[in-house]
Amino acid sequence: NAGVTQTPKFQVLKTGQSMTLQCAQDMNHNSMYWYRQDPGMGLRLIYYSASEGTTDKGEVPNGYNVSRLNKREFSLRLESAAPSQTSVYFCASSQMPDSNEQFFGPGTRLTVL
Amino acid sequence: DAKTTQPTSMDCAEGRAANLPCNHSTISGNEYVYWYRQIHSQGPQYIIHGLKNNETNEMASLIITEDRKSSTLILPHATLRDTAVYYCIVRPLNSGGYQKVTFGTGTKLQVIP
């Protein structure tokens, strides 16, 4: 039981490049989330998926797109990376959308030059 | 959400109990107290939550005062692996919609050999 897994662990991009961050969970959870964590800012929600087939914007969705590929997988895409998107990205899942017990992945450290 | 106040940092000797306080004087009747921790370079990890009764699980104990204005997370026998930032959060259990987990600055616990 791996929990929440994320790939890659580290990534360096140049401004304007695109990439997709992958997330998968094996807990049969309905809801999945993407957060970014910046120093002094805490965790901020980018997008979430309350259930398979649905996605909604969080606090800071600009510059990102998401895909809930199936119940297990939720990907985050940066179409044209900007230095302001340098951050640590965490994927999380929970059994239900109103559950406070979220399970987090190990994070992806992204640097945009 | 009710605001929480935690000490910035604490030290604890290995093998001793670590007692982490949290003040939440504006907590509402339907709000639970949740604790998460974040070990360096890892994603946040759920620890425990409670409403008004003391709670215990395999990781920790949560003591909530009778007036619910403060709580203490207790790690009964701290190990070096418990060195982390500990976050106290108050949120309604079921507030509808997604549950954005809002982290404050937390308490950085250093377990000393």
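Residues numbered from 1 in each chain as written. Chains lettered and ligands numbered in written order. Predicted model: local features only at pLDDT ≥ 70, side-chain atom pairs only at ≥ 80, totals over all residues. Heavy atoms only, no water.

Caption draft 1: Seen up close, the overall build of chain A. When its secondary structure is counted, chain A shows zero helices and 11 strands. Counting helices and strands in the order they occur from the N terminus, chain A gives β-β-β-β-β-β-β-β-β-β-β. Since a compact globule built from 113 residues should have a radius of gyration of about 13 Å, the 13 Å found for chain A is in line with a globular shape. By principal-axis analysis of the C-alpha atoms, chain A measures approximately 35 × 25 × 25 Å. The buried share of chain A, taken over its 113 residues, is 47%. By sequence separation, contacts in chain A at least 24 residues apart represent 56% of the contacts at least 6 residues apart. With the model as given, the accessible surface of chain A reaches about 5100 Å², and the carbon-plus-sulfur share is 51%. (Helix = DSSP H or I, 4+ residues; strand = E, 2+ residues; numbered from the N terminus. Rg over C-alpha atoms; globule rule 2.2 N^0.38 Å. Buried < 20%, exposed > 50% of the residue type's maximum accessible area, 1.4 Å probe, protein only. Contact = heavy atoms within 4.5 Å. Areas by Shrake-Rupley, 256 points an atom, 1.4 Å probe, with all protein chains shown as cover.)

Caption draft 2: Looking closely at the sheet that holds strand 9 (residues 107-112) of chain B. Residues and elements named next belong to chain B. One open sheet holds the five strands; their spatial order is 1-9-8-3-4, and the pairing between them is mixed. Because the sheet does not close on itself, it has two edges, and the strands there are strand 1 (9-13) and strand 4 (45-50). Across the sheet, the mean angle from the axis of one strand to that of its neighbour is 25 degrees, orientation sign disregarded. Pairing of strand 1 with strand 9, which is carried by five bridges, proceeds in the parallel orientation. (Pairing = 2+ DSSP bridges. Axes fitted to C-alpha atoms, helices over the stretch in contact; angles between N-to-C directions.)

Caption draft 3: Examining unusual backbone geometry more closely. The amide bond that connects Thr7 of chain A to the next residue, Pro8 of chain A, takes the cis arrangement and shows omega of -5 degrees. Note on placement: Pro8 of chain A falls in the loop between strand 1 (4-7) and strand 2 (10-13). Look at Asn28 of chain A: it is not a glycine, yet its phi comes out positive at around 60 degrees. Structurally, Asn28 of chain A can be placed in the loop between strand 3 (19-25) and strand 4 (31-38). Residue classification places Asn28 of chain A among the exposed residues on the basis of a relative accessible area of 51%. With a phi close to 70 degrees, Ser41 of chain B is a non-glycine residue in the positive phi region. Within the element layout of this structure, Ser41 of chain B appears in the loop between strand 3 (31-38) and strand 4. Judged by its relative accessible area of 41%, Ser41 of chain B is partly exposed.

Caption draft 4: Broad picture of the pairing of strand 7 (residues 64-68) of chain A. Residue and element names in this part refer to chain A. By the alternation rule, side chains of strand 7 split into Tyr64, Val66 and Arg68, which are all buried, and Asn65 and Ser67, of which none is buried. Pairing of strand 7 with strand 8 (residues 74-78) involves five bridges; the strand directions are antiparallel. Note on strand 8: the bridge partner recorded for Val66 is Leu76. A loop of five residues connects strand 7 with strand 8, the two strands running antiparallel in sequence.

Caption draft 5: Quick peek at the state of the cysteines. Going through the model one piece at a time under the given rule, you end up with two disulfides over all chains. Cys23 of chain A shares a disulfide with Cys91 of chain A; S-S distance 1.8 Å. What sets the handedness of the Cys23 of chain A and Cys91 of chain A disulfide is the S-S torsion sign, and at about -70 degrees it is left-handed. Here Cys23 of chain A, found in strand 3, pairs with Cys91 of chain A, found in strand 9 (residues 87-94); they are 68 residues apart in sequence, far enough to count as distant. Among the residues examined, Cys91 of chain A registers a relative accessible area of 0% and is labelled buried. The disulfide partner of Cys22 of chain B is Cys88 of chain B, and the gap between their sulfur atoms is 2.1 Å. Given an S-S torsion of about -80 degrees, the disulfide between Cys22 of chain B and Cys88 of chain B has left-handed geometry. (Disulfide = S-S within 2.5 Å.)

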